[in-house]
Amino acid sequence: MTRFDPTDLRNRIEKLGDLPTLPHVVQRIAAMIGRPNVSTEEIGSIIEKDQVLAAKVLRLANSPFYGFPSRIGSVSHAVIVLGFNVVKGLTLCASALSIMKDAGMDQLWRHSLGVAITANLLAIRLEIKNPEELFVSGLLHDIGKVVLYVKWPDVGNCIKDEFTTGSARSLLDVEQELTGLSHADIGGSLADAWHLPITLREPILYHHNPPLAKEAVLQTAIVHVADILVKGLACGNPGDDLIPPLSKPAWELVGLDEQGLVECIDKASSEFTTIDDYL
Ligand SMILES: [Fe+2]
Ligand SMILES: [Fe+2]
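Cut-off values and rules
- Residues numbered from 1 in each chain as written.
- Chains lettered and ligands numbered in written order.
- Predicted model: local features only at pLDDT ≥ 70, side-chain atom pairs only at ≥ 80, totals over all residues.
- Core = buried A, V, L, I, M, F, W, Y, C linked by C-beta atoms within 7 Å.
- Buried ≥ 20, exposed ≤ 12 C-beta atoms within 10 Å, placed from the backbone.
- Contact = placed C-beta atoms within 7 Å.
- Helix = DSSP H or I, 4+ residues; strand = E, 2+ residues; numbered from the N terminus.

Some remarks on the nonpolar core
If you look at the biggest cluster of nonpolar residues, it comprises 74 residues, and the most contacted ones within it are Val57, Ala119 and Ile222. Dropping the residues within four chain positions of it, Val57 is found in contact with Ile47, Val75, Ala78, Val87, Leu90, Thr91 and Ala94.

Thoughts on the environment of Val75
Topologically, Val75 is positioned in helix 5 (residues 75-82). Residue Val75 is classed as buried on the basis of its C-beta count, with 26 C-beta atoms lying within 10 Å. Between the alpha carbons of Val75 and Ile47 there is a distance of 7.1 Å; along the sequence they are 28 residues apart. With residues near it in sequence (within four places) discarded, Val75 still touches Gly44, Ile47, Glu48, Ala54, Val57 and Leu58.

Overview of the environment of Leu229
Mapping Leu229 onto the fold places it in helix 14 (residues 217-232). Spatially, the C-alpha atoms of Leu229 and Cys264 are 9.6 Å apart, while their sequence positions differ by 35 residues. Residue contacts for Leu229: discarding those within four places in its chain leaves Thr118 and Ile265.

Let's talk about unusual backbone geometry
Phi angles above zero are rare outside glycine, and Glu127 is one such case at about 55°. Among the structural elements, Glu127 can be located in the loop between helix 7 (106-125) and helix 8 (131-140). One non-glycine residue with positive phi stands out, namely Ala234, at about 55°. Along the polypeptide, Ala234 turns up in the loop between helix 14 and helix 15 (248-254).

So, in structure tokens, the structure goes:
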């Protein structure tokens, strides 16, 4: 069984110039947001220069999940309505979709979109300030898998081979065993490298171990619970169909009673039917 050195893998993350277009675009956006007097039009125009990306951002921004009554016609309008961090996240999501599709990872995208929808529903229910942000962290929570299984086929194929030998271990267990890292760790490093806010970074990094979150505690709990619900509802397939253990503290924070759970599952399931429009 091949094992990989975690430090070597972390070094690889730093050199991830090959995660298409998104680091460059997002870094430019991040730099602009740090500047005083930057206008939303300026930020919009950076994204709009990449027309394929802009079209995808707008498609997501106009998706029924956000439920805005009027159409969002430009990226700068999306920035005003959704906020910088969400648009930044959407640029990542749009690019991640391309990679997943190119790599034939439609099932991972379906799963991720399912988690985005469910996390957003839970956030609205809990009256969280920026529920759209939960949509983005749901969409990105397994982003580390794109790196692990598409960008690093040498590592990913070893993990898959070991996993398919038929033990009861989850894909996550095999990742940790062979690399000392998981897709969640890699996602967290990517979130760092892309200067994502902690409200996106912690849910990505800790979605399999929510008690480790320090600041975005509720957001991380929501993504964790949404991930498990979506696996239970068999929406998409993130690589294995084992349902990971539910964190009791996270479940209590989300605070769904039986009726709340039924309502949430009903709503999420009906929204899942629109997922194919985005594939
Ligand atoms: Fe995961
Ligand atoms: Fe997941």
